[in-house]
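Architecture and fold: a report
In case you want the letters, here they are:
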Amino acid sequence: MKRLLVLAAAATAMFAAHAQAPAFPGSKPISLVVPFAAGGPTDRVARDLAEAMRKAMGGSANFVVENVNGAGGTIGAAKVARATPDGHTLLVHHIGMAAAPALYRKLPYKVLEDFEFLGMINEVPMTIIGKPQLPANNYRDFENYIRANSGKLNIAHAGLGSASHLCGLMWQAAINAKEAMTTIPFGGTAPAMNALVGGQVDMMCDQTTNTTGQIEAGRVKAFAVTTAKPLSNNKLLKDYPTLQEMGLKGFDLTIWHGLYAPRGTPPAVLTQLNNALKIALKDPDFIKKQEGLGAIVVTDKRVEPAAHKAFVSAEINKIKPVVEAAGKFAD
Ligand code: MLT
């Protein structure tokens with residue numbers, strides 16, 4: 001008899017717990033937090049992904065993109081780390097997840113502990129670009145111009161730990177021009193690009209998803225790409241040299257984006273979200289949009305959360321010495 005009572009109590013508790021967990025996604029929208037200003041590369045990935053994931057979930061979920069910028073993406077990331085872990089607040093971020101630990105002594109979250117990793121999304125090359133008024137039309141002349149005007153030039157980025165900041169740091173160290181230029185932070189590379197096109201800043205390193213249109217329209221000058229190999233499949237950028245070809249030995253930087261949820265998000269919800277992500281990454285419309293801007297949508301095991309987390313952990317260890325060599329730290 002006692003055993004029956006115990007079994008009945010366990011069944012009731014299980015039913016009650018199940019009854020309490022609301023069906024996901026329900027009517028509440030799913031917020032994709034972008035830790036940079038609207039209109040930039042991260043925002044672009046998120047908006048394209050929101051549409052593809054909405055389709056992948058058969059319209060059962062309403063996705064909204066929420067821009068929470070500042071401090072190189074760490075403010076937006078911290079917001080998601082603290083969010084209710086119910087699957088309705090996700091983070092779209094990038095290599096900045098791996099760069100921030102090397103640049104912030106007091107980071108308000110632990111990258112590998114305070115997030116549930118969903119899959120990766122894409123890889124994006126970067127371009128070294130300059131304002132249209134620059135008196136240089138190829139990389140060699142551009143680098144000579146920087147040396148001839150040491151201390152008088154500036155470089156824009158999206159805040160300490162952003163992809164554009166990390167690229168600028170690596171590039172300035174590689175050409176030994178750390179003192180040659182002042183760094184100008186913005187809330188994202190969309191506002192930074194406006195300043196560059198307007199001639200208020202001199203140069204920037206930014207992702208092709210944000211620079212392709214401006215280069216094509218002649219509103220900025222492009223000088224080189226940051227990938228190890230030339231972008232031979234990219235009709236606009238295939239003829240630009242890599243920084244390695246310009247003598248910067250071993251320079252190889254490609255930005256990646258990934259999807260994250262707050263730690264404690266229920267496994268069943270994570271599985272549902274990652275299944276929708278996998279379908280979205282195969283969506284021809286999503287792929288066309290991303291590839292049209294030079295990005296490559298991931299298709300391999302990195303869409304699996306465990307592989308994504310292992311990749312980011314390795315990136316944290318890879319970036320730390322690079323940042324230390326570039327000699328820039330921030331509290
Ligand atoms: C970066 O530099 O990290 C990104 O381009 C920022 C952005 O998406 O605006």
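Residues numbered from 1 in each chain as written. Predicted model: local features only at pLDDT ≥ 70, side-chain atom pairs only at ≥ 80, totals over all residues. Heavy atoms only, no water.

When the domains of the protein are assigned, the result is domain 1 (29-124 + 255-326) and domain 2 (125-225). Of note, the centres of domain 1 and domain 2, computed from C-alpha atoms alone, are 25 Å apart. Contact residues are listed per partner, giving 28 residues for domain 1 and 25 residues for domain 2. Both faces combined, the contact of domain 1 with domain 2 buries some 1,900 Å², and carbon together with sulfur accounts for 70% of it. Three residues, Pro-41, Val-124 and Ala-326, lead the burial of domain 1 against domain 2; their summed loss comes to 27% of the area buried on that side. Here domain 1 and domain 2 share 0 salt bridges between them. Seen at the junction of domain 1 and domain 2, the total is 4 residue pairs in polar contact (both at pLDDT 80 or more). When residues of the side of domain 1 that touches domain 2 are traced back to their parent elements, those giving at least two are α4 (96-103), β4 (115-130), β9 (254-262) and α11 (305-326). Per-element tally for the side of domain 1 that touches domain 2: the top contributor is α11, with 5 residues. (Domains from an automatic or database assignment. Contact = heavy atoms within 4.5 Å. Buried area = accessible area lost by both parts, 1.4 Å probe. Salt bridge = Lys/Arg side-chain N within 4 Å of Asp/Glu carboxyl O. Polar contact = N/O pair within 3.5 Å; in protein donor to acceptor, adjacent residues only side chain to side chain. Helix = DSSP H or I, 4+ residues; strand = E, 2+ residues; numbered from the N terminus.)

With the rule as written, the count across this model stands at 7 aromatic pairs. Seen in terms of ring centroids, Tyr-109 and Phe-115 are 5.5 Å apart; in terms of plane orientation they differ by 80 degrees. Their pairing is edge-to-face. With respect to class, Tyr-109 is no different from Phe-115; both count as buried. With 5.4 Å between their ring centres and 75 degrees between their planes, Trp-256 and Phe-311 make a pair best called edge-to-face. Remark: Phe-311 occurs in helix α11 and Trp-256 occurs in strand β9; sequence separation between them is 55 residues. (Phe/Tyr/Trp six-rings, centres within 6.5 Å; stacked < 30°, edge-to-face > 60°. Buried < 20%, exposed > 50% of the residue type's maximum accessible area, 1.4 Å probe, protein only.)

Turning to the site of the ligand, a few remarks are in order. Lining the immediate surroundings of the ligand are 13 residues, of which Thr-42, His-94, Ala-163, Ser-164 and Thr-189 lie closest. Within the side chain of Asp-206, an N or O atom sits 3.4 Å from an oxygen atom of the ligand. When atoms are counted within 2 Å of each cavity's grid points, the one that captures over half of the ligand is the largest cavity. Looking at the shell around the ligand, the elements with two or more residues in it are α2 (41-56), α6 (163-174) and β7 (203-207). Taken together, the residues of the shell around the ligand sort by class into 4 nonpolar, 8 polar and 1 charged. In terms of domain composition, the shell around the ligand takes at least three residues from each of domain 1 (29-124 + 255-326) and domain 2 (125-225). (Near = heavy atom within 4 Å. 1 Å grid on protein atoms, 1.4 Å probe; cavity = no way out; pocket = protein on both sides within 12 Å on 5 of 7 lines; lining within 4 Å. Sits in = over half its atoms within 2 Å of the grid points. Nonpolar A, V, L, I, M, F, W, Y, C, P; charged D, E, K, R; others polar.)

Contact pair α4 / α11: the axes reach a minimum separation of 8 Å and the direction vectors enclose 45 degrees. On the basis of their axis angle, the class for α4 and α11 is oblique. The element α4 and its partner α11 pack so that their crossing is right-handed. Between α4 and α11, the residues in contact are Ala-98, Ala-99, Pro-101, Ala-102 and Leu-103 and Val-312, Glu-315, Ile-316, Ile-319, Lys-320 and Val-323, respectively. Partitioned by chemical class, the residues of the contact of α4 with α11 number 9 nonpolar, no polar and 2 charged. (Axes fitted to C-alpha atoms, helices over the stretch in contact; angles between N-to-C directions. Parallel < 35°, antiparallel > 145°, perpendicular 65-115°, else oblique. Left-handed = near helix turned anticlockwise from the far one by under 90°.)

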